[in-house]
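Close look at the chain arrangement
Here's the letter readout for the chains.
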Amino acid sequence: MFTQPVPTLARDGDAIVVLDQTRLPYRSEQRRLATLAEVATAIHSMQVRGAPLIGATAAFGVAIALGGDASDAQLDIALRTLAATRPTAVNLHWALGRMAARLRPLPASARLDAAWAEAETIRAGDAATCAAIGAHGVALLEAVVARRNGPVRVMTHCNAGWLATCGAGTALAPVYAAHACGIAVHVWVSETRPRNQGLLTAWELREAGVPHSVIADNAAGILLARGEVDLVITGADRVAANGDSANKVGTYLKALAAREHGVPFHIAAPLSTIDFACPDGAAIPIEDRGPAEVRSVQGVASDGSVQDVALVPDTTGAANPAFDVTPARLITSIVTERGSSAPGRLRDLFPEAP
Ligand SMILES: CSC[C@H]1O[C@H](OP(=O)(O)O)[C@H](O)[C@@H]1O
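For clarity, every value in this text was computed on a predicted model and none was experimentally measured.

Here, UniProt's "active site" (unreviewed entry) annotation points to Asp237. Along the chain, Asp237 falls in the loop between strand E7 (231-234) and strand E8 (238-240). Dropping the residues within four chain positions of it, Asp237 is found in contact with Ala51, Thr88, Ala89, Val90, Asn91, Ala246, Asn247, Lys248, Thr273 and Phe323.

This is the structure we're talking about:
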């Protein structure tokens, strides 16, 4: 079983400790979150990020909120506050729904212990789900090995590795599984403006010894056109019932270019990311994170200090949709903890889902 080099999320008494991903890849800093407000801020500011990790962290946020007051009113405040942190990743709302279903029927006196236990079940469940996605997804790389020599050339976008989850990751789980069983891999890592989560992917892969190259987002097209990519695999923040998938902005463009050049495009996503109540991509809420993130870039200066550098004046207009939607017709398969599915056949894998 994959072990996270540093836990993305762990309980610490009546608080939790998380890895502050706004400091990575330059600084590895942990944050202890002991109040509902601290957990909500950590999710909204993306100290904690990645759809599955957001959900698990919010579940612990409910437990933290009920310390000292486990009344209906306090439970409602916790659920509303955490639900408002980010709109697109359905894992957040799935986890809060699980916590509500577990806690509402209980007397206030029984809720705190149950909340911590349910949050831990969600956390541990995500780690197991990541492992299963890796086990199923490795077949995508083995299929490439069967037809050509040399490293399997995988393109990904954003960060859907262990940093985005409670385990090995989603999109990167098959990569880690393949690397662990000796399959040569090279990962094209798209930097992923404006928050550059691709640099988190590069940091993960460097730490794991997986060969990779960072590319500007705009370089993906020519690499696909040149035949230098065997498959594209990304994570997702919400998969609609028809298989349309929301993921970090820029994913859609890669899917279009992949289709144009006959390169398979896969989504790796657990059931907690599939929203059967959402009919199609048009119904997925797309987070708008405001202009500031586009107007600047974060990096590390020669003296080692982490700095935000302005790219344009504050008076320059900027648009910042944080996600886009890849239509099911551009998706070759969706890899889940129960195996791979055509995008429109997910219900076959999860007949019990509401
Ligand atoms: C394992 S899915 C991670 C998913 O979440 C990321 O979004 P953000 O960094 O804004 O939380 C990105 O869409 C990844 O694909």
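Neither face of strand E10 (residues 265-268) is exposed, since Phe265 and Ile267 on one face and His266 and Ala268 on the opposite face are all buried. Summarising the sheet, E7 and E10 pair through 3 bridges and their orientation is parallel. Pairing of Ile233 across the sheet is with His266, part of E10.

Moving on, we get to unusual backbone geometry. Of the consecutive residues Leu24 and Pro25, the connecting peptide bond is found in the cis state with omega at 5 degrees. Among the secondary structure elements, Pro25 is positioned in the loop between strand E2 (15-19) and strand E3 (30-33). A cis geometry characterises the amide bond from Arg193 onward to Pro194, with omega recorded as 5 degrees. One can find Pro194 in the loop between strand E5 (185-190) and helix H7 (198-208).

Quick look at the packing of helix H3 (residues 72-83) against helix H4 (residues 90-103) now. Following both chains from N to C, one finds H3 and H4 inclined at 170 degrees, their axes separated by 10 Å at the closest point. As far as their axial angle goes, H4 and H3 are roughly antiparallel. Together, Leu75, Leu79, Leu82 and Ala83 of H3 and Leu92, His93, Leu96, Ala100 and Leu103 of H4 make up the contact between the two elements.

Reading the values: the criteria
- The numbers attached to residues start from 1 for each chain and follow its sequence in the written order.
- Where local features are concerned, this predicted model is filtered to residues with pLDDT of at least 70; where side-chain atom pairs are given and counted, the filter is 80 or more; whole-chain, interface and lining totals use all residues.
- As a rule here, side-chain values cover all heavy atoms of the structure and leave hydrogens and water aside.
- UniProt positions are given in the numbering used here, feature names are shortened, and annotations may be inferred rather than shown by experiment.
- Numbering goes from the N terminus for both helices and strands, where a helix is a DSSP run of H or I of at least four residues and a strand is a run of E of at least two.
- It only takes one pair of heavy atoms within 4.5 Å for two residues to be counted as in contact.
- To sort residues, take the accessible area from a 1.4 Å probe on protein chains only and compare it with the maximum for the residue type: under 20% means buried, over 50% means exposed, and anything in between is partly exposed.
- One requirement defines pairing of two strands: DSSP has to find at least two bridges between them.
- Note on method: axes are straight lines fitted to C-alpha atoms, helices fitted across the in-contact stretch only, with angles between N-to-C directions ranging 0 to 180 degrees.
- An angle below 35 degrees is treated as roughly parallel, one above 145 as roughly antiparallel, one from 65 to 115 as roughly perpendicular, and anything else as oblique.

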